Amino acid sequence: MNIRSLSESDAHAYQQLRLNGLQSSPEAYVSSYEQEAKFPLEFYKELLKPTPDKFVLGAFVNNTLFGMATFMRDTGLKDAHKGNIYGMYVAPELRGHGMAKALMLELIHKARKIDGVEQLKLAVVSENEAARNLYESLGFEVYGVEKNALKHNGVYSDGVWMALRLAH
Ligand SMILES: CC(C)(COP(=O)(O)OP(=O)(O)OC[C@H]1O[C@@H](n2cnc3c(N)ncnc32)[C@H](O)[C@@H]1OP(=O)(O)O)[C@@H](O)C(=O)NCCC(=O)NCCS
């Protein structure tokens, strides 16, 4: 397994994996396949341009993209000490082999190196035991629960907010 930051040239593979994830795990994300299937490749190229405040990590096996996770720093004067994690996904055929944990460890490692980033946060649907276990195993702690955070086909899900402190 090889983990690296994605760039514009990975846009097509990223788009395919992202759409697969939205289609196969619609309950796990705020975004939806119906919305993103309409996005042009340019949208993903823009997203994948690394900046000091954002990067997307990809996990590859034999040069094929199977996993991904996104880091985005908050940009306000008062909240730039925080970073967000979005879009964690591992293709079903590669699950249970430590790919998500490896992505998260690399993301945390890179975030620690960004001057001024002190904590990471993310939201996970309360029923998503696999993802909750993953984040807890890395030291993330629950700091809040949003009732009825998502409504998908008339079904509500609670959102669990978790944070990891990188510095004091
Ligand atoms: C959640 C997800 C990213 C985990 O990916 P993965 O590569 O299979 O996870 P890993 O093999 O790295 O497992 C790391 C830890 O996560 C937890 N975990 C992973 N799969 C689990 C499962 N099916 N049940 C319970 N815990 C699980 C465990 O704590 C595991 O550590 P362990 O192996 O030491 O017990 C993957 O299942 C996925 O993409 N799901 C659909 C999309 C999704 O839910 N994304 C998260 C949005 S917040």
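This is a predicted model, so every value here is computed, not measured.

How each quantity is defined
- Residues numbered from 1 in each chain as written.
- Predicted model: local features only at pLDDT ≥ 70, side-chain atom pairs only at ≥ 80, totals over all residues.
- Heavy atoms only, no water.
- Pairing = 2+ DSSP bridges.
- Helix = DSSP H or I, 4+ residues; strand = E, 2+ residues; numbered from the N terminus.
- Axes fitted to C-alpha atoms, helices over the stretch in contact; angles between N-to-C directions.
- Parallel < 35°, antiparallel > 145°, perpendicular 65-115°, else oblique.
- Left-handed = near helix turned anticlockwise from the far one by under 90°.
- Contact = heavy atoms within 4.5 Å.
- Near = heavy atom within 4 Å.
- Polar contact = N/O pair within 3.5 Å; in protein donor to acceptor, adjacent residues only side chain to side chain.
- Areas by Shrake-Rupley, 256 points an atom, 1.4 Å probe, with all protein chains shown as cover.
- Nonpolar A, V, L, I, M, F, W, Y, C, P; charged D, E, K, R; others polar.
- Salt bridge = Lys/Arg side-chain N within 4 Å of Asp/Glu carboxyl O.
- Buried < 20%, exposed > 50% of the residue type's maximum accessible area, 1.4 Å probe, protein only.
- Expected span 1.5 Å × (residues − 1).
- Arc of directions from axis to C-beta.

K.L.:
Can you break down the pairing of strand E6 (residues 141-152) residue by residue, with the values?
P.N.:
Regular strands have side chains that alternate between both faces of the sheet. In the sheet, E6 pairs with strand E7 (residues 155-165) via eight bridges, with the strands oriented antiparallel. Counterpart to Leu150 in the pairing with E7 is Ser157. Between E6 and the antiparallel strand that follows it, E7, lie two residues; Asn153 among them carries a positive phi value of about 50°.

K.L.:
Hey, could you go over the packing of helix H4 (residues 99-112) against helix H5 (residues 129-137) for me, with residue numbers and the actual values?
P.N.:
Orientation of H4 relative to H5, taken along the N-to-C sense of each, is 45°, at an axis distance of 10 Å. By the angle between their axes, H4 is oblique relative to H5. Read as a crossing pair, H4 and H5 show a hand that is right-handed. Of the residues in H5, those touching H4 at Ala100, Lys101 and Met104 are Leu134, Tyr135 and Ser137.

K.L.:
Go over the site of the ligand with me, naming the residues and quoting the values.
P.N.:
Neighbouring the ligand are 21 residues, the closest being Val90, Gly96, Gly98, Lys101 and Asn128. Measuring from an oxygen atom of the ligand, one finds a backbone N or O atom of Lys101 at 2.9 Å. A distance of 3.0 Å separates a nitrogen atom of the ligand from a polar side-chain atom of Asn133. Out of a free accessible area of 930 Å², the ligand has 71% covered by protein chains. Elements supplying a minimum of two residues to the shell around the ligand: strand E4 (82-90), H4, strand E5 (119-125) and H5. It is H5 that provides the largest number of residues to the shell around the ligand, a total of five residues. Among the residues forming the shell around the ligand, the class breakdown is 13 nonpolar, six polar and two charged.

K.L.:
Give a detailed account of the pattern of salt bridges, specifying residues and quantitative values.
P.N.:
Following the criterion strictly, the structure yields seven salt bridges and no others. A salt bridge links Lys121 to Asp74; its shortest N-O distance comes to 3.3 Å. Placement of the pair is Lys121 in strand E5 and Asp74 in the loop between strand E3 (64-73) and E4, with a sequence separation of 47 residues. For the pair formed by Lys121 and Asp74, the shared burial category is buried.

K.L.:
Quick one: what's the story with H4, residue by residue and with numbers?
P.N.:
Between the first and last C-alpha of H4 there are 20 Å, a value that for 14 residues agrees with the 20 Å anticipated at 1.5 Å per step. Taken residue by residue, H4 has Met99, Ala100, Leu103, Met104, Leu107, Ile108 and Ala111 as its buried positions. Within H4, the buried residues cover an arc of 165° as seen down the axis, which keeps them to one side.

K.L.:
Quick rundown of the packing of helix H1 (residues 11-24) against helix H3 (residues 41-48)? Include the residues and the values.
P.N.:
In the contact formed by H1 and H3, the axes pass within 9 Å of each other and the chain directions differ by 105°. Considering their axes alone, H1 and H3 lie roughly perpendicular with respect to each other. Note on element contacts: H3 touches H1 through Leu41, Tyr44, Lys45, Leu47 and Leu48, opposite Ala11, His12, Tyr14, Gln15, Arg18 and Leu19. A breakdown of the residues in the contact of H1 with H3 according to their chemical character gives seven nonpolar, two polar and two charged.

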